[in-house]
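Close look at the chain arrangement
Letter by letter, the chains look like this.
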Amino acid sequence: MRGRLAEGVAATEQSLSAAPPEPSPGRALALAMLSLLTFWLGDFARTRSSATSALDMGAAVGDIRSQARALSQLGALVILRDPGAGDPMLMRAAELARTAGDQAELCDALTSLAISYFCQDDPGAIRSPIEEALGLAEAIGFEDDIRWCLWCLAHLAFSAGDLAGARAHAERALALMTGQDRLSRYCAVEILCLLDASTGAADTARERAEAD
């Protein structure tokens, strides 16, 4: 949540090395979390291998939570190239997360699904997952997913011509930025720059972009 990804990978690797090698729910979940961390580091080959191992191990030991996390990361990986192809994985991940009672993972899966629909230019499909994801994320204080939901909502409002609404969502997302999560900060700045430029404040947009 704070962008300390390399540290998280190192800690997860240490835990996997220290733990018994036999399949277990804990090991499956650690592999699934490793896939999450490596995804945000851009190490997609390792994301795929860790998530696949977690999915297989979770199925073997009957652990639904690790399967949900692993499927969510595989789906997020797929939508980078082909959004529609990743949707079934993300839907299944959300189902498993509901069954496991894992609200954080349910938020992640639904948020990724909303982003997938956004990339497919399907605003009608976005509403249901993004509203549920935002409600859950706000209830548990999951700021990472709150930011991404607000970014999607800002773009939706911008596309619909609701500039005031778009700015409100984007400014709220920017205000949540803490720690070292630079990517979501850049995304919030991006939509604010678009709003500035579209309302005739090109210099403000340029200054905002250059500052970040």
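The structure under discussion appears in the preceding block.
Here goes a summary of the coordinates provided. (Residues numbered from 1 in each chain as written. Predicted model: local features only at pLDDT ≥ 70, side-chain atom pairs only at ≥ 80, totals over all residues. Heavy atoms only, no water.)

What about the overall build of the protein?
Each helix and strand in the protein was counted, giving 11 helices and 0 strands. Shown N-terminal to C-terminal, the secondary structure of the protein runs as helices and strands in the order α-α-α-α-α-α-α-α-α-α-α. Since a compact globule built from 212 residues should have a radius of gyration of about 17 Å, the 18 Å found for the protein is in line with a globular shape. Structurally, the protein occupies a C-alpha span of about 60 × 35 × 30 Å along its principal axes. Per-residue burial for the protein yields a buried fraction of 46% across its 212 residues. (Helix = DSSP H or I, 4+ residues; strand = E, 2+ residues; numbered from the N terminus. Rg over C-alpha atoms; globule rule 2.2 N^0.38 Å. Buried < 20%, exposed > 50% of the residue type's maximum accessible area, 1.4 Å probe, protein only.)

Quick notes on the side chain of Arg 27
The topology assignment puts Arg 27 in helix 2 (residues 25-41). For Arg 27, which is buried and forms no salt bridge, the nearest opposite charge comes from Glu 22, at a distance of 7.6 Å. Other than its neighbours up to four places away in sequence, Arg 27 contacts Leu 16, Ala 19, Pro 20, Pro 21, Glu 22 and Met 57. (Lys, Arg positive; Asp, Glu negative; His and termini not counted. Salt bridge = Lys/Arg side-chain N within 4 Å of Asp/Glu carboxyl O. Contact = heavy atoms within 4.5 Å.)

Looking at the pattern of salt bridges
Counting across every chain of the model gives 13 salt bridges. Arg 69 is the salt-bridge partner of Asp 108, the closest N and O atoms lying 2.9 Å from each other. Highlighted residues: Asp 108 in helix 6 (residues 103-119) and Arg 69 in helix 4 (residues 64-79), separated in sequence by 39 residues. The residues Asp 108 and Arg 69 share a single accessibility class, namely buried. A network of salt bridges, in which partner residues are shared, links Arg 69, Glu 105 and Asp 108.

So, the packing of aromatic side chains
In the structure shown here, the tally under the stated rule is 5 aromatic pairs. For the pair Phe 39 and Phe 44, a centre-to-centre distance of 5.6 Å together with 45 degrees between the ring planes defines the contact as tilted. By relative accessible area, Phe 39 is classed as buried at 9%. For Phe 44, a relative accessible area of 35% translates into the label partly exposed. Summarising the aromatic geometry, the rings of Trp 148 and Trp 151 are spaced 5.8 Å apart at their centres and angled 90 degrees between planes, so their arrangement reads as edge-to-face. Taken together, the positions of Trp 148 and Trp 151, both in helix 8 (residues 143-159) and 3 residues apart, correspond to about one turn of that helix. Residue Trp 148 shares its accessibility class with Trp 151, and that shared class is buried. (Phe/Tyr/Trp six-rings, centres within 6.5 Å; stacked < 30°, edge-to-face > 60°.)

Here's the deal with the nonpolar core
Nonpolar side chains tend to gather and get buried jointly when the protein is soluble and globular. If you look at the biggest cluster of nonpolar residues, it comprises 42 residues, and the most contacted ones within it are Leu 106, Leu 110, Ile 126, Ile 130, Ile 146, Trp 151 and Ile 191. If you list the elements that add at least two residues to this core, you get helix 4, helix 5 (83-100), helix 6, helix 7 (123-140), helix 8, helix 9 (163-175) and helix 10 (182-198). Broken down by element, the residue count for this core peaks at 10 residues, all from helix 8. If sequence neighbours within four positions are ignored, Ile 191 has contacts with Trp 151, Ala 154, His 155, Phe 158 and Ala 170. Core analysis: the next-biggest nonpolar cluster, separate from the first, contains 13 residues, Leu 31, Ala 32, Ala 51 and Ala 54 among them. (Core = buried A, V, L, I, M, F, W, Y, C linked by side-chain atoms within 4.5 Å.)

Notes on unusual backbone geometry
For Asp 121, which is not glycine, the phi torsion reads 55 degrees and is therefore positive. Here Asp 121 shows up in the loop between helix 6 and helix 7. Judged by its relative accessible area of 66%, Asp 121 falls in the exposed class.

With respect to the state of the cysteines
Taken as a whole and assessed by the stated rule, the structure comprises 0 disulfides. In this structure Cys 187 is a free cysteine whose sulfur lies 9.4 Å from that of Cys 152, the closest cysteine sulfur available. Residue Cys 187 is classed as buried on the basis of its relative accessible area of 13%. This cysteine, Cys 193, is not joined by any disulfide, and Cys 187 carries the nearest cysteine sulfur, 12 Å off. Overall, Cys 193 belongs to the buried group, its relative accessible area being 14%. (Disulfide = S-S within 2.5 Å.)

Looking at helix 6
Side chains three or four residues apart in an α-helix point the same way, a direct result of the helix having 3.6 residues per turn. If you check helix 6, its first and last C-alpha atoms are 24 Å apart, about what 17 residues at 1.5 Å a residue would give, namely 24 Å. For helix 6, the buried fraction is high: 13 of the 17 residues fall into the buried class. Where helix 6 starts, the residue carrying a side-chain oxygen 3.3 Å from the main-chain nitrogen of Ala 104 turns out to be Asp 102. (Expected span 1.5 Å × (residues − 1). Polar contact = N/O pair within 3.5 Å; in protein donor to acceptor, adjacent residues only side chain to side chain.)

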